[in-house]
Amino acid sequence: MDKIILTDENNKEVEFNIIDTFGVDDKDYAVLEPIDEDFLLIYEIIKNDDTISFKTIDNDRELDEIIKIYENMKED
């Protein structure tokens, strides 16, 4: 399983397992699980030239829609 380290809002490094990646329309998303935790987070993947960053989904409605799409994909 691939791992990634991101910096949180307090400038603390947090290590995640990359559980899955998927695309919806013209956006890509990553499903991440913090190491030693038992919950998942979904981030939007932002690609700029040679860099990749992860953006939180601030819009609750959009996040709910992305979660439903991901859950439906996993059921198939």
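That block above? That's the structure.
Before going into details, it helps to say that this report is about the structure given with it.

**Describing the packing of aromatic side chains**
The relative placement of two aromatic rings is captured by the distance of their centres and the angle of their planes. Evaluation of the coordinates by the stated rule reveals three aromatic pairs. Aromatic rings pair up to connect F22, Y29 and Y70 into one cluster.

**Re the sheet that holds strand β2 (residues 13-24)**
Note on sheets: strands pair through backbone hydrogen bonds, and any given pair is parallel or antiparallel. Read across the sheet, five strands follow the order β1-β2-β3-β4-β5 without closing on themselves; strand pairing throughout is antiparallel. Looking at the sheet topology across the chains shown, the edges are occupied by β1 (3-7) and β5 (51-56). Each neighbouring strand pair of the sheet contributes to a mean axis angle of 45 degrees, computed without reference to strand direction. Both β2 and strand β3 (residues 27-34) contribute to a ladder of eight bridges, which runs antiparallel.

**Remarks on the nonpolar core**
Across soluble globular proteins, nonpolar side chains show a tendency to be buried alongside one another. One finds F22, V24, Y29, V31, I42, I57, I66 and Y70 forming the largest nonpolar core, which totals eight residues. Only β2, β3 and α1 (60-75) provide two or more residues apiece to this core. In this view, V31 contacts N17, I18, I19, D20, F22, L40, L41, I42 and Y70; residues no more than four positions away in its chain are not counted. Formed by seven residues, the second largest nonpolar core is a distinct cluster that contains I4, L6, A30 and Y43.

Parameters and conventions
- Residues numbered from 1 in each chain as written.
- Predicted model: local features only at pLDDT ≥ 70, side-chain atom pairs only at ≥ 80, totals over all residues.
- Heavy atoms only, no water.
- Phe/Tyr/Trp six-rings, centres within 6.5 Å; stacked < 30°, edge-to-face > 60°.
- Pairing = 2+ DSSP bridges.
- Helix = DSSP H or I, 4+ residues; strand = E, 2+ residues; numbered from the N terminus.
- Axes fitted to C-alpha atoms, helices over the stretch in contact; angles between N-to-C directions.
- Core = buried A, V, L, I, M, F, W, Y, C linked by side-chain atoms within 4.5 Å.
- Buried < 20%, exposed > 50% of the residue type's maximum accessible area, 1.4 Å probe, protein only.
- Contact = heavy atoms within 4.5 Å.

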